[in-house]
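Below, each chain spelled out in residue letters.
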Amino acid sequence: VIATDIFDKEQGTMRKNRWAKAFSDEYKTTDRKDQHRRATIVIEHLIQASDVAHTMQHWHVYTKWNERLFQEMFESYLTGRSEKDPSAGWYQGELGFFDNYIIPLAKKLKNCGVFGVASDEYLNYAVENRREWADKGEEIVARMINKYGPNEGQFEDEMQQKLEI
């Protein structure tokens, strides 16, 4: 069974170990068993990438899907279906997500050599989106809180008042 649960530490550790074994010099042979091992682990990583593909695409695609996830999680919190307020750590969480998961995943996809120049694009978008999130993410989170929070529209009203002054 191949799963996309990125929060399962045991699965993540096993996936990392399989990658290290499949792409170590010891197993870079033409032996059929080693080739199957590499193919399987590449497929596992493709499935992982498909789950977070928006992070490796254009900024507008990333922010669109990031906002939709935020909205879903924030509304769950506000309606009592979730105990954790996602807005509390959303900005920093995205930075950590890029640094510890997305960019390393994009590098693995590049290093496996399956995607040719397309893998450069995935990695470049991931790095650029991380940089842009670092610059704009706090403001984006504030807008999303305002947009989906109990006092919807307050941020826009305050910004309009500032523009009128």
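Let me begin by describing the structure that accompanies this report. Per chain, the residues get numbers from 1 upward, laid out in the order the sequence is written. Confidence filtering applies because this is a predicted model: local features only for residues at pLDDT of at least 70, side-chain atom pairs given and counted only at 80 or more, and all residues used for totals across whole chains, interfaces and linings. By convention in this description, side-chain values take in all heavy atoms of the structure and omit both hydrogens and water.

## A closer look at the overall build of the protein chain
Selection rule: Each helix is a run of H or I in the DSSP string that is no shorter than four residues. Each strand is a run of E no shorter than two, and both are numbered from the N terminus. Only protein chains enter the calculation, and the probe is 1.4 Å; a residue is then buried if its accessible area is under 20% of its type maximum, exposed if over 50%, and partly exposed in between. What makes two residues a contact is simply this: any of their non-hydrogen atoms within 4.5 Å. Here, Shrake-Rupley sampling with a 1.4 Å probe gives the accessible areas, and only protein chains in the shown set may cover a residue.
A tally of helices and strands in the protein chain yields 6 helices and 0 strands. Shown N-terminal to C-terminal, the secondary structure of the protein chain runs as helices and strands in the order α-α-α-α-α-α. By residue count, 33% of the 165 residues in the protein chain fall in the buried class. Of all intrachain contacts in the protein chain linking residues separated by at least 6 positions in sequence, the fraction that spans at least 24 positions is 62%. Surface summary for the protein chain: the accessible area is close to 10,700 Å², and the carbon and sulfur share equals 51%.

## Description of helix α3 (residues 59–78)
Definition in use: Helices are assigned an expected span. That span is 1.5 Å times one less than the residue count. This arc corresponds to the set of directions leading from the helix axis out to the C-beta atoms.
Helix length check: α3, at 20 residues, gives a terminal C-alpha distance of 28 Å against a target of 28 Å (1.5 Å per residue), a fit within 8%. Those residues of α3 not exposed but buried are W59, Y62, T63, N66, F70, F74 and S76. Projected down its long axis, α3 carries its buried residues within an arc of 155 degrees, all on one side. The exposed set on the far side of α3, more than 90 degrees from its buried face, consists of H60 and E72. Looking at the buried positions of α3, the neighbouring elements they touch are α4 (90–111) and α5 (118–148).

## With respect to helix α2 (residues 32–51)
Taking 1.5 Å of rise per residue, the 20 residues of α2 would be expected to cover 28 Å, and the 29 Å separating its terminal C-alpha atoms lies within 8% of that figure. Buried within α2 are the following residues: D34, R38, I41, V42, E44, H45, Q48 and A49. Buried positions in α2, seen along its axis, are confined to an arc of 155 degrees and lie on one side of it. Set apart from the buried face of α2 by more than 90 degrees, the exposed residues are R32, K33 and S50. Along its buried surface, α2 packs onto α1 (9–22) and α4.

## Remarks on the pattern of salt bridges
Any two side chains of opposite charge can pair, so long as their charged atoms come close to each other. For the record, the criterion: Each salt bridge in this description consists of a side-chain nitrogen of Lys or Arg and a carboxyl oxygen of Asp or Glu lying within 4 Å of one another.
Under the criterion given, the structure shown has 7 salt bridges. The salt bridge involving D120 is made with K110; its shortest N-O contact spans 3.1 Å. Taken as a pair, D120 in helix α5 and K110 in helix α4 lie far apart in primary sequence, 10 residues in all. By relative accessible area, D120 is classed as partly exposed at 28%. Within the structure, one salt-bridge network assembled from shared partners comprises E128, R131 and D135.

## Observations concerning the packing of aromatic side chains
For clarity, the threshold we go by: Pairing of aromatic side chains here covers Phe, Tyr and the six-membered ring of Trp, requires ring centres within 6.5 Å, and sorts the geometry by plane angle: under 30 degrees stacked, over 60 edge-to-face, intermediate tilted. Only when the NZ atom of a Lys or the CZ atom of an Arg is both within 6 Å of the ring centre and within 35 degrees of the ring normal do we say a charge sits over the ring.
On inspection of all chains with the given rule, the structure shows 8 aromatic pairs. Considering the side-chain rings of F70 and W90, the 5.1 Å spacing of their centres and the 85 degrees angle between planes classify their relative orientation as edge-to-face. In this pair, F70 sits in helix α3 while W90 sits in helix α4, placing the two residues 20 residues apart along the sequence. For F70, a relative accessible area of 0% puts it in the buried group. The aromatic ring of W65 is capped on one face by R68, whose charged end is 4.8 Å from the ring centroid.

Any functional reading would require information beyond the geometric quantities listed.
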